[in-house]
Amino acid sequence: MLRGICLSPRSAVTLQSEMLTYNFSGGASWIFQPFVKYFKGQVIGIIQNTICPEVEDAIVELDHHLQAMNVSFGVNEVITLDVPLTGLPVVDASNLKLGLKGEFYSIKTHKEPPFVAQQFTLPEQAGYMLSMGMSEFTLNSASFGYFSAGELQALINDSMMPPHCPFHLNTSSMGMFIPQ
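Rules used in this analysis
Residues numbered from 1 in each chain as written. Predicted model: local features only at pLDDT ≥ 70, side-chain atom pairs only at ≥ 80, totals over all residues. Heavy atoms only, no water. Helix = DSSP H or I, 4+ residues; strand = E, 2+ residues; numbered from the N terminus. Contact = heavy atoms within 4.5 Å. Areas by Shrake-Rupley, 256 points an atom, 1.4 Å probe, with all protein chains shown as cover. Pairing = 2+ DSSP bridges. Patch = residues over 30% accessible without salt bridge, like charges linked within 9 Å, V, L, I, M, F, W, Y side chains within 5 Å. Salt bridge = Lys/Arg side-chain N within 4 Å of Asp/Glu carboxyl O. Axes fitted to C-alpha atoms, helices over the stretch in contact; angles between N-to-C directions. Phe/Tyr/Trp six-rings, centres within 6.5 Å; stacked < 30°, edge-to-face > 60°. Buried < 20%, exposed > 50% of the residue type's maximum accessible area, 1.4 Å probe, protein only.

Observations regarding the overall build of the chain
Piece 1. Across its full length, the chain carries three helices and five strands.
Piece 2. From first element to last, N terminus to C terminus, the chain shows the α and β order α-β-β-β-β-β-α-α.
Piece 3. Of the contacts formed within the chain by residues at least 6 apart in sequence, a portion of 55% connects residues at least 24 apart.
Piece 4. For the chain, the computed accessible surface area is about 14,100 Å², with 62% contributed by carbon and sulfur atoms.

Following this line, the structure appears as structure tokens:
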């Protein structure tokens, strides 16, 4: 069973005074102006002492979950799907980007496929809650998983051919291909 890896180092969460702005309804009169700078410093201090440690703890907890996350899932009795992260998660104000590599393996052999995954990116989709894509590599690895397990086989005989088909699977039709 594969497990996730540590991706997010514990980072210092800080708030700079340029990040905090006040908006007074109707504007700040000359009476309030001397207090704005004082309160701004107080609010920043409260945020740094209460909210920033909570954000750091949430990052550590997310990191713990990422490390313990199972990245291998049984699809059926023949193949499994491994979905490890390919890089650091990218978080910004409006979205979370995860790079995942979906690869199927045979449960019997767990052999690496004889081909390599190519770079795969999805174009930005503004306004979408979820965007997902599947590369050719993922589909080909599923085929290779079934093949290496001995499950991707087909037995075709002449009785399966339509009667009106000019090509038959017997020696009369295959005579020119089969040496005597």
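Back to the write-up after that little detour.
Some words on the pairing of strand β2 (residues 79-82)
Regular strands show a simple pattern: their side chains alternate between the two faces of the sheet.
Piece 1. In this sheet, β2 lies alongside strand β1 (residues 72-74) in antiparallel orientation, the contact comprising three bridges. Note on β2: the bridge partner recorded for Ser72 is Asp82.
Piece 2. Hairpin connection, β1 to β2: the antiparallel pair is bridged by four residues.
Piece 3. As judged from the four bridges shared by β2 and strand β5 (residues 103-106), these two strands associate in the antiparallel manner. Bridging from a neighbouring strand, Ile79 pairs with Ser106 of β5.

Things to note about a nonpolar patch on the surface
Piece 1. Together, Val91, Leu96, Leu98 and Leu100 line one region of the surface with nonpolar side chains, adding up to about 400 Å² of accessible area.
Piece 2. By secondary structure assignment, the location of Leu100 is in the loop between β4 (96-97) and β5.

A short note on the sheet that holds β2
Piece 1. In spatial order, the strands read β1-β2-β5; together these three strands make up an open sheet with antiparallel pairing. Bordering the open sheet on either side are β1 and β5, each of which pairs with just one other strand. Neighbour-to-neighbour, the strand axes of this sheet turn through a mean angle of 30°, independent of strand direction.
Piece 2. Across the sheet, helix α2 (residues 136-148) lies against β2 and β5, angled at about 5° from β5, the strand it touches most.

Here we look at the packing of aromatic side chains
Piece 1. The full count for this structure, using the stated rule, is two aromatic pairs.
Piece 2. Measuring from ring centre to ring centre gives 5.7 Å for Phe115 and Phe137, while their planes differ by 80°; the resulting arrangement is edge-to-face. With Phe115 in the loop between β5 and α2 and Phe137 in helix α2, this residue pair connects regions lying 22 residues apart in the sequence.
Piece 3. Considering the side-chain rings of Phe115 and Phe144, the 6.4 Å spacing of their centres and the 80° angle between planes classify their relative orientation as edge-to-face. Of this pair, Phe115 sits in the loop between β5 and α2 while Phe144 sits in helix α2; the two residues are 29 residues apart in sequence, bridging distant segments of the chain.
Piece 4. You can call Phe115 partly exposed: its relative accessible area is 27%.
Piece 5. Of the aromatic side chains, those joined through ring pairs into one cluster are Phe115, Phe137 and Phe144.

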